2 protein chains.
Amino acid sequence: MIRLSRKSDYGLVALKALRSLQPGDALSARELAVQLGLPGDMTPKVLARLAQAGLVESSMGKAGGYRLARSAGDISVAEVVRVLDGESGLAPCREGILECHRIETCDIKHPLDNLHQEVMRVLQGMSIAQL
Amino acid sequence: MIRLSRKSDYGLVALKALRSLQPGDALSARELAVQLGLPGDMTPKVLARLAQAGLVESSMGKAGGYRLARSAGDISVAEVVRVLDGESGLAPCREGILECHRIETCDIKHPLDNLHQEVMRVLQGMSIAQL
DNA sequence: GCCAACTGCGACCGTTCTAGTCCGAGTTTA
DNA sequence: TAAACTCGGACTAGAACGGTCGCAGTTGGC
């Protein structure tokens, strides 16, 4: 399936909301959740992950919150998806535990990898600012 | 997640195998499964679905089996994915039962739909023959 | 005419992944 | 010192997916 997870969806919406923030200001996760209608305890998680990856900055303590770490035009959809969903190839050959037993003879992996790169290039081409 | 389901994966592999068939010949689902190392009872399902969608032709009875209904160059990856996984937008706003409650105020749906179309265009650009 | 080898189709179950919640700890400001 | 926030892990419920089983219908050969 070519579909974004909810996490990525939430992340995109949240980033978009942070875009219209005055420099120096910050929005708390709870405020964002209420404002955007996102599930309460999911929002801090998504934002924390984005902060960890350097897409947003966080300030702790009272009156703390999140703000964009870079300009909205510098953050691509691809980056958000990669941070929140992890990057895995198009092909469902799981790595690790459930390894594909066809891996030796698989002749479609390379073409699919190429496709995957093209898809990511498309996502790379759209920034938060363009959403 | 931007990942193909196993069904789509199996479908692509199977179609690719059918490509090198003599005209008039047919391969049974079981043969394909053995030959490609696919799970035994999954393969008939995938092929039946493909036949239903007109991507492969089937002949019943003894010595029956499957063959491509069109030339491999005319079948795109996008089509296979659409048939086996169903087409759903990039955005995870499920339709029907679990409708997104943000649907009214959602301002990223349209941009995501555009992205989705671009992604499908990429998949459309690769045919079974190119795999 | 019967049997064997297929497709076709629906029902079913177990596993995996995802979404969402809860809770405790650390940080900052008033 | 208290309030408001981030941070991180652990846990639960539910949906989606992969995979299996069984039966009906069809065809070709003996």
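Computed from a predicted structure; not experimentally measured.

### Focus on the nonpolar core
Grouped together as the largest cluster of nonpolar side chains are 84 residues, with contacts concentrated most on A:Leu12, A:Leu50, A:Val80, B:Leu12, B:Leu50 and B:Val80. For B:Leu50, the contacting residues outside a window of four places in its chain are B:Gly11, B:Leu15, B:Leu55, B:Val56, B:Val80, B:Val83 and B:Leu84.

### Quick word on the interface of chain A and chain B
Contacts between the two partners involve 37 residues from chain A, matched on the other side by 37 residues from chain B. Approximately 3900 Å² of surface area, both sides summed, lies buried where chain A meets chain B, with 64% of it carried by carbon and sulfur atoms. Our enumeration of links across chain A and chain B arrives at 0 salt bridges. Joining chain A to chain B, the criterion identifies 2 residue pairs in polar contact (both at pLDDT 80 or more). Counting residues per element, the ones that place at least two in the side of chain A that touches chain B are α1 (6-19), α4 (77-85) and α5 (109-124) of chain A. In terms of residue count, α5(A) provides more of the side of chain A that touches chain B than any other element does, 8 residues in total. A class-by-class count of the residues in the side of chain A that touches chain B yields 22 nonpolar, 6 polar and 9 charged.

### As for the protein's contact with DNA strand C
In the neighbourhood of DNA strand C, 25 residues make up the surrounding shell, with A:Arg6, B:Ala29, B:Lys45, B:Ser58 and B:Tyr66 lying closest. Within 4 Å of the protein, the contacting atoms of DNA strand C are 68% sugar and phosphate, with bases supplying the remainder. Between a phosphate oxygen of DNA strand C and a main-chain N or O atom of A:Arg6, the distance comes to 2.6 Å. At 3.2 Å from a base oxygen of DNA strand C is found a main-chain nitrogen or oxygen belonging to A:Lys62. Where the surface near DNA strand C is concerned, the elements lending two or more residues are α1 and α3 (42-52) of chain A together with α3 (42-52), β1 (56-59) and β2 (65-68) of chain B. When the residues that make up the surface near DNA strand C are grouped by side-chain class, the tally is 9 nonpolar, 8 polar and 8 charged.

Cut-offs applied
- Residues numbered from 1 in each chain as written.
- Chains lettered and ligands numbered in written order.
- Predicted model: local features only at pLDDT ≥ 70, side-chain atom pairs only at ≥ 80, totals over all residues.
- Heavy atoms only, no water.
- Core = buried A, V, L, I, M, F, W, Y, C linked by side-chain atoms within 4.5 Å.
- Buried < 20%, exposed > 50% of the residue type's maximum accessible area, 1.4 Å probe, protein only.
- Contact = heavy atoms within 4.5 Å.
- Buried area = accessible area lost by both parts, 1.4 Å probe.
- Salt bridge = Lys/Arg side-chain N within 4 Å of Asp/Glu carboxyl O.
- Polar contact = N/O pair within 3.5 Å; in protein donor to acceptor, adjacent residues only side chain to side chain.
- Helix = DSSP H or I, 4+ residues; strand = E, 2+ residues; numbered from the N terminus.
- Nonpolar A, V, L, I, M, F, W, Y, C, P; charged D, E, K, R; others polar.
- Near = heavy atom within 4 Å.

That is the geometry; function is a separate question.
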